[in-house]
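Single-letter residue listing:
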Amino acid sequence: MTRAVRLIGVAWLIVAAYYVPWAVAIGRMILAGTQFTVDVWTLVTPFVILVLAPVATLLAWRKRDLAGRILLIAVAINWLLWAILSGGILDEFLWVPTLLKVILILSVSTVAIIALEHRAVLRRVA
Amino acid sequence: MVDAQWSEHVHGEHLLPPLSAGRSPVVAGLAAAALTVVLLVAWKLVSGWYIFGSAYTDLPGQDSLALVSRLQLLVFALITLAAGRVAGLLCPTRPGIATLIGVSPLLLPAVLLFLGFGRTLEAALVGSLVYLIGLLGASDRAGSCADARAVPCNNEMKLTGGEGGAHDGSAARARIVIKRRPQLISAFDGPTSVTLVRTR
């Protein structure tokens, strides 16, 4: 795994760490059967980050580079689609919290860097 | 001789760590743990100094304490990454154990703190995240997957020189047959089987 992809993995792990308290609290509310109104995609996205980012790291550690990269791209694309289609982040970009802006930049860079690197590797092999 | 040639070739062109490099995982882990402690103490001193100063210099609406507390997670992650990197560099053969020992000054307090409050799930999540960040640091070996893929697809490499080379003074050509998948070449974490076959 290249250095750029590794750093992207670390960045997603840090994002996952930021989401731990929220995810645990929401998880307890769900288990307790508390009623709240949040759309499913918004509810699922932090859990996706919390599960897929560590799994991608583990796969990278086990030398399953391709699977790790695909999972990181899945995390990034899920977040981007959520932010654009469901979160409405682009409608009010300047007013969203700093953490969300950081994740937006991280999502875009994840997709861009991994796609470019993959293309470069394919060219080199060819 | 095969190892030496292989090592020379690979180090020269692909910058992989030496085959025999490394200390024991415990020694490497303790060194990384010492670095972790030093960095944690340094962060504590710097943040303490900044917060103390901010009590006198913060303008209305400015909250340096909140800024430091938000930055704390990022700084802890970077310290973990550095500790894992040192552990992985000192012990490339068993980086997992070395990293576990290396990040333990951060890992143990975090896990014990959550366990002390009866939050087992958070303890497990935070503990695994800290360890994984350390592992990513430890896996930052010079030989990346892209480098490994640069090896020709038929797993053959040409070597020059070599034991029992051509007697006419020309360079001996040989073929190395690698018995593992190319992705694993860079790791050197197991018995990579390398066979030298003279072709000329």
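Look a little higher up for the structure.
First, a word on scope: everything that follows refers to the structure included in this document. Only a predicted model underlies this, so the values are computations on that prediction, with no experimental measurement involved.

Turning our eyes to something else, we now look at the overall build of chain A. When helices and strands are tallied, chain A shows 4 helices and 0 strands. When its helices and strands are written in sequence order, chain A yields α-α-α-α. Classification of the 126 residues of chain A by burial places 43% in the buried group. In chain A, of all internal contacts separated by at least 6 residues, the share reaching a separation of at least 24 is 71%. Of the roughly 6,700 Å² of accessible surface on chain A, 71% is carried by carbon and sulfur atoms.

All names here are of chain A. As enumerated under the stated definition, the model contains 2 salt bridges over all chains in all. Here Glu117 and Arg69 are joined by a salt bridge, their closest N and O atoms 3.6 Å apart. You can see Glu117 sitting in helix α4 (residues 98-125) and its partner Arg69 sitting in helix α3 (residues 65-87), a full 48 residues away along the chain. Each member of the pair, Glu117 as well as Arg69, carries the same accessibility label: buried.

A few words now on the side chain of B:Ser104. You can see B:Ser104 is positioned in helix α5 (residues 104-116). Among the polar contacts listed, one links the side chain of B:Ser104 to the backbone oxygen of B:Ile101, at a separation of 2.5 Å.

A:Trp12, A:Leu13, A:Val15, A:Ile49, A:Leu72, A:Trp79 and B:Ile133 are the most contacted members of the largest nonpolar core, which has 47 residues in total. Secondary structure elements with two or more residues in this core: α1 (3-32), α2 (40-61), α3 and α4 of chain A together with α3 (64-90), α5 and α6 (120-138) of chain B. Looking at this core element by element, the count peaks at 12 residues for α1(A). Within the second largest apolar cluster, 6 residues are counted, among which are B:Leu40, B:Val68, B:Val75 and B:Ile79.

Here we come to the environment of A:Ile113. Residue and element names in this part refer to chain A. Relative to the helices and strands, Ile113 is located in helix α4. Placed 40 residues apart in sequence, Ile113 and Ile73 show a C-alpha to C-alpha distance of 9.9 Å. Excluding residues within four positions of it along the chain, Ile113 makes contact with Ala4 and Ile8.

Attention shifts here to a nonpolar patch on the surface. Taken together, the side chains of A:Tyr18, A:Leu99, B:Val46, B:Trp49, B:Tyr50, B:Leu67, B:Leu71, B:Leu74 and B:Leu78 make up a nonpolar region of the molecular surface, amounting to roughly 820 Å² of accessible area. Listing elements by their share of the nonpolar patch, those giving two or more residues are α2 (25-57) and α3 of chain B. Top element by residues in the nonpolar patch is α3(B). It accounts for 4 residues. You can see A:Tyr18 is positioned in helix α1.

Another aspect to go through is the packing of helix α4 (residues 95-102) of chain B against α5(B). The geometry of a pair of packed helices is captured by two quantities: the angle between their axes and the separation between those axes. All names here are of chain B. As a packed pair, α4 and α5 sit with axes 5 Å apart at the nearest point and diverge in direction by 60°. With respect to each other, α4 and α5 are oriented oblique. Counting all contacts with α4, which are made through Leu100, Ile101 and Gly102, the residues of α5 involved are Ser104, Pro105 and Leu107. Here the residues of the contact of α4 with α5 sort into 4 nonpolar, 2 polar and no charged.

Moving on to the packing of aromatic side chains. All names here are of chain A. For the structure shown, the criterion picks out 2 aromatic pairs over all chains. Centroid distance Trp22 to Phe47: 6.3 Å. Interplanar angle 55°. Geometry classified as tilted. In this pair, Trp22 is assigned in helix α1 and Phe47 in helix α2, connecting sequence segments 25 residues apart. Given a relative accessible area of 27%, Phe47 falls into the partly exposed group.

Time to look at α1(A). All names here are of chain A. Its 30 residues place the ends of α1 42 Å apart at the C-alpha level, agreeing with the 44 Å of an ideal helix rising 1.5 Å per residue. If you look at α1, its biggest bend is around 45°, right at Tyr19, and the proline Pro21 turns up within four residues after that. Looking one or two places after α1, you find Gly33, whose phi comes out positive at around 80°.

So, how was this worked out
Residues numbered from 1 in each chain as written. Chains lettered and ligands numbered in written order. Predicted model: local features only at pLDDT ≥ 70, side-chain atom pairs only at ≥ 80, totals over all residues. Heavy atoms only, no water. Helix = DSSP H or I, 4+ residues; strand = E, 2+ residues; numbered from the N terminus. Buried < 20%, exposed > 50% of the residue type's maximum accessible area, 1.4 Å probe, protein only. Contact = heavy atoms within 4.5 Å. Areas by Shrake-Rupley, 256 points an atom, 1.4 Å probe, with all protein chains shown as cover. Salt bridge = Lys/Arg side-chain N within 4 Å of Asp/Glu carboxyl O. Polar contact = N/O pair within 3.5 Å; in protein donor to acceptor, adjacent residues only side chain to side chain. Core = buried A, V, L, I, M, F, W, Y, C linked by side-chain atoms within 4.5 Å. Patch = residues over 30% accessible without salt bridge, like charges linked within 9 Å, V, L, I, M, F, W, Y side chains within 5 Å. Axes fitted to C-alpha atoms, helices over the stretch in contact; angles between N-to-C directions. Parallel < 35°, antiparallel > 145°, perpendicular 65-115°, else oblique. Nonpolar A, V, L, I, M, F, W, Y, C, P; charged D, E, K, R; others polar. Phe/Tyr/Trp six-rings, centres within 6.5 Å; stacked < 30°, edge-to-face > 60°. Expected span 1.5 Å × (residues − 1). Bend = angle between axes of the 7 residues up to and from the residue.

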